[in-house]
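# Observations on the model geometry
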Amino acid sequence: MLFNSYEFIFIFLPISFFIYFYLNKKRLTIASKSWLIFASLAFYSWWNISYLPLILISILFNYTISQSMISYNNKSKKIIEKKRILQIGLVLNIAFLGYFKYMDFFIENINWSLNTNLSLMHLALPLAISFFTLQQIAFLIDSYEGLVKEKNLLDYIIFVTFFPQLIAGPIVHHQEIMPQFASIKTKVINYKNISIGLFIFTIGLFKKVVIADTFAPWANMGFDVADKLNFFEAWMTSLSYTFQLYFDFSGYTDMAIGAALLFNIKLPINFNSPLRATGIIDYWQRWHITLTNFITTYVYTPILRSFNKVTFLKAMLATFIAMLISGIWHGAGWTFIIWGILHGIALIINHYWKKSKRKINKILAWFITFNFINITMVIFRAKDIDDIIKVLTGMFNGQIVFSRHLYEYLPSMHNLVEFGPWLQNIGGNKYTVISLIVAFLIVLVVKNTIQWAENIKFNTLYLSSGIFMLTLSLLKLHKVSEFLYFNF
Amino acid sequence: MQIKHWVKLYISVPIILIFIVFTFNFIIDPYSITSFNLLKIPNKFARDDRKEKVAKLFKEERYDNLLLGSSRVYSINPLLLKKYIHGRTYNSGVGGALIEDQLGFLLYLERLKKLPKYILFGLDFGSFNKNLETNKYFILNDELNFINKKSSNNDIYFSRFLSIDATRASYKTLANFIKDSTSKPRFDSNGAANNASKNFTYYPSIIKKTKFKEKKVKEAFDAIKTSNYRVISKKRLLYLEKIISICKKNNIKYTFFLTPLNSQLISKIQKDKEVGKTFIQFKTIISSITEYYDFIRYNTINDNRFNFGDPKHPNIYTGNLILARLFNDKNVSLPENFGVLIPKNSKFINIDEFTNSKL
């Protein structure tokens, strides 16, 4: 089920909410938790029920592994066995993810490198597999480290399946979520949380259906006809995708945070105006923050720990590997690997720059960072390397075509550039340009969702703006479109 | 304001607004989804032909005969077609339609299980241009758009009653109705524009006393020329093949015809080496896929500017004559080279011969 659908907003969410709090009011705590699990699994199965056994198997397996490790915590002599259990858990989780997500990519590369002709498996990617596997890997590692005290299966299932964060994050840590479900405060209706939750949800819905979906056709058409793009079309394509992805993913996250808050659960923030970043380090502290935290805690830090002595060079090597893994996590393809490598290199350059204590003008720093992000988004979005080359060729060596409306105003340019349908290949028009300007203003000038929510005032202005955004978004819901991060 | 009160307003006001919008659109029903027409509005204004025609096909029972094509088949009278071939007939032509629209309609009807028994397809010369992008309204239309599958269908009722587009269409419908309650619909109940369904007159008994201006020929040619029409789109040829395979699979009888162009425009196309060459290729390639009736030829009907709304759009009289030719109506006198049946795998003459001679 999609957050941006009538069935979620008008049926699923109200029913889940009222029954959950009704059961809590009657002090039926186990029943209320069971209801939330049932609702979350129904939410997951709505998409494709055939994936339900997979997520259930994954949950039960990881719970069993973690409980085995927890039972060892007081028996220090058996540390080797405990480590082995962790290794089994990690290997099977990675194998589970690898089988569904990377098998065809692996076979394709075997075929290519060994000139074989092995058949592809064409496995459908189970929804949310990348997200729930990561969360559970973190849980296993923490169980091994002795940081997990929880033993309740229901709590564990809620932690993994809680519907607002199940499909595409934010990637939550058990220490953030499980204590909240245990708290008595979460069991009573809290109007302040409801009001803030509704407001955040509205902003997210607006970002998705009004802004991101507006950019989607231009981005899609641009990448579909990558070999034909002129200079402006290529830039409009890449910028459209950058904004589409940002508003789509941050919109999804806002909706997740807002929906969770209705149940008195505070999910971690995932975006903090990332397109205002003035460096790549800054960018990764603002973009998909929960993934950055996961990679830092469970990939980067263990790599660093594995070195006898930490040097700048070794830290940079760990950074590079972490970003490479981040790229691979996003998808099975060379484009994602290249994207991860480029971000790894950019982070190293940024760290080196910081270490050398050189100064750079802030606007210039933003300009460089934004363009790097925008260009690497082309790599992230492209189907293959050919597409990357085509779009980048358009961006840096494309024919310059001006709108025919400018013909009479630019007589000196008549012999230098072509005048004609300048955005035809991406189905663009003057609204494409206006939309990009508005998007730039939103990401650079306007407060972000968290800032709005922190400063919320229960007055007419907030009320009317929320109602306007919600009504407008509801009128655009007939065109259901998936979230981009459902593919990852 | 108290938080509880704020929350109640926050939830209830959008629900009330949505309900009002839904009711307004339901009463006006700009795409004629329901059969109520409470305000007895004759002219339902749809902003996009596709939406209106899709809504009609969705609502109505299966048609026996369909016309598919662009605005150039608007003027073909479905009732006249019905006279020739019998059964319920509808003109599904939509402005700016390319071959993907025709395939989109077919796939949509297949999903609805409403495929007709017979389809008359109008093919436009310009619409097979590789450089011509898929129509924006096709992309935005969830029912027809089989290319961009990411955009999935929601219930048609939502988009026709609960959307900004529907609200705009309702508003315009109401505004037009208030201004002129007697105005005629853009499309009649048979899907034909310009009252085509009501006109059964054959050329040359009555001729509409208007002809398009000379400069329109240049404009029409410039539009072809500036789109750099050198290559026939392989993708669109595949769509054409797919259309034929769907028809064969479902035992649908079909006829293809090339929609007529005014002779002055044909002449301009001929004289241009690049476009002229493409024109020859076009006729040959289409013939490699299917037989068709070729109406893009010099003849007394295409010569006459009175017979066209503009150099690319035949008017209702010409539309009627097309049907007379296709169904070999002996009561109508027609020049021989108006609608010539081109058998499958015909080869056309080369460009040099072509530019120096009349077809």
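Residues numbered from 1 in each chain as written. Chains lettered and ligands numbered in written order. Predicted model: local features only at pLDDT ≥ 70, side-chain atom pairs only at ≥ 80, totals over all residues.

Time to look at the overall build of chain B. Along its length, chain B carries 14 helices and eight strands. Considering chain B as a whole, with its 359 residues, one finds that 44% of them fall into the buried category. Within chain B, counting contacts between residues at least 6 apart in sequence, those at least 24 apart form 81% of the total. (Helix = DSSP H or I, 4+ residues; strand = E, 2+ residues; numbered from the N terminus. Buried ≥ 20, exposed ≤ 12 C-beta atoms within 10 Å, placed from the backbone. Contact = placed C-beta atoms within 7 Å.)

Quick look at unusual backbone geometry now. Glycine aside, residues mostly have negative phi angles, and peptide bonds mostly take the trans form. Even without being glycine, Asn115 of chain A reaches a positive phi, approximately 55 degrees. The residue Asn115 of chain A is located in the loop between helix 4 (79-114) and helix 5 (129-145) in this model. Of note, Asn328 of chain B is a non-glycine position whose phi angle comes to about 50 degrees, a positive value. Tracing the backbone through its elements, the reader meets Asn328 of chain B in the loop between helix 13 (316-326) and strand 8 (340-342).

Before going further, it helps to spend a moment on the nonpolar core. Core analysis: the largest hydrophobic core is formed by 197 residues, its most contacted members being Ile200, Ala260 and Val391 of chain A. Each of domain 1 (6-189) and domain 2 (193-487) of chain A contributes no fewer than three residues to this core. (Core = buried A, V, L, I, M, F, W, Y, C linked by C-beta atoms within 7 Å. Domains from an automatic or database assignment.)

Time to look at the interface of chain B and chain A. For an interface, size is often stated in terms of accessible area lost upon the parts coming together. Each side of the interface is counted separately: chain B has 27 residues, and chain A has 27 residues. For the side of chain B that touches chain A, the element with the highest residue contribution is helix 1 (residues 3-28) of chain B, accounting for 11 residues.

The subject of this paragraph is the domain arrangement of chain A. Residues and elements named next belong to chain A. By the assigned domains, chain A splits into domain 1 (6-189) and domain 2 (193-487). Here domain 1 and domain 2 have C-alpha centroids that lie 27 Å from each other. Opposite the 27 residues of domain 1 that make contact, domain 2 presents 24 residues. Those elements giving two or more residues to the side of domain 1 that touches domain 2 turn out to be helix 1 (6-25), helix 4, helix 5, helix 7 (163-166) and helix 8 (174-182). Here the side of domain 1 that touches domain 2 gets five residues from one element, more than from any other, and that element is helix 5.

All names here are of chain B. Over its 16 residues, helix 7 (residues 164-179) runs 22 Å from end to end, which matches the ideal 22 Å to within 8%, given 1.5 Å per residue. Listing the buried residues of helix 7 in full gives Asp165, Ala166, Ala169, Ser170 and Thr173. Down the axis of helix 7, the sector holding all buried residues measures 135 degrees, keeping them to one side. Residues Ala175, Ile178 and Lys179 are exposed on helix 7 and point more than 90 degrees away from its buried face. (Expected span 1.5 Å × (residues − 1). Arc of directions from axis to C-beta.)

This brings us to the packing of helix 1 of chain B against helix 7 of chain B. Residue and element names in this part refer to chain B. Between helix 1 and helix 7, whose axes approach to 9 Å, the crossing angle comes to 50 degrees. Considering their axes alone, helix 1 and helix 7 lie oblique with respect to each other. When you trace helix 1 past helix 7, the crossing you get is left-handed. Of helix 7, the residues touching helix 1 (which contributes Val21, Phe24, Asn25 and Ile28) are Ala166, Thr167, Ser170, Thr173 and Leu174. (Axes fitted to C-alpha atoms, helices over the stretch in contact; angles between N-to-C directions. Parallel < 35°, antiparallel > 145°, perpendicular 65-115°, else oblique. Left-handed = near helix turned anticlockwise from the far one by under 90°.)

Quick look at the sheet that holds strand 2 (residues 89-91) of chain B now. Residues and elements named next belong to chain B. Strand order in this open sheet of six strands is 2-1-3-4-5-8, and the pairing throughout is mixed. Of all the strands in the sheet, just strand 2 and strand 8 have a single pairing partner and so form its edges. When the angles between neighbouring strand axes are averaged without regard to direction, this sheet yields 20 degrees. (Pairing = 2+ DSSP bridges.)

Residues and elements named next belong to chain A. One can describe the packing of helix 12 (residues 289-306) onto helix 13 (residues 312-330) by two numbers: an axis separation of 9 Å at closest approach and a directional angle of 135 degrees. With respect to helix 13, the axis of helix 12 lies oblique. Viewed along their axes, helix 12 and helix 13 form a crossing whose handedness is right-handed. Across the interface between the two elements, Leu291, Ile295, Val299, Tyr300, Ile303 and Leu304 of helix 12 pack against Ala315, Ala318, Thr319, Ile321, Ala322, Ile325 and Ser326 of helix 13. Residues belonging to the contact of helix 12 with helix 13 are distributed by class as follows: 11 nonpolar, two polar and no charged. (Nonpolar A, V, L, I, M, F, W, Y, C, P; charged D, E, K, R; others polar.)

Residue and element names in this part refer to chain B. For chain B, mean pLDDT is 83; residues scoring 70 or higher make up 86% of the total. The low-confidence segment residues 350-359, where pLDDT is below 50, has 14 contacts with residues more than four positions distant or belonging to other chains. Interface scoring of the predicted complex returns ipTM 0.84; its pTM is 0.76. (pLDDT = per-residue confidence, 0-100.)

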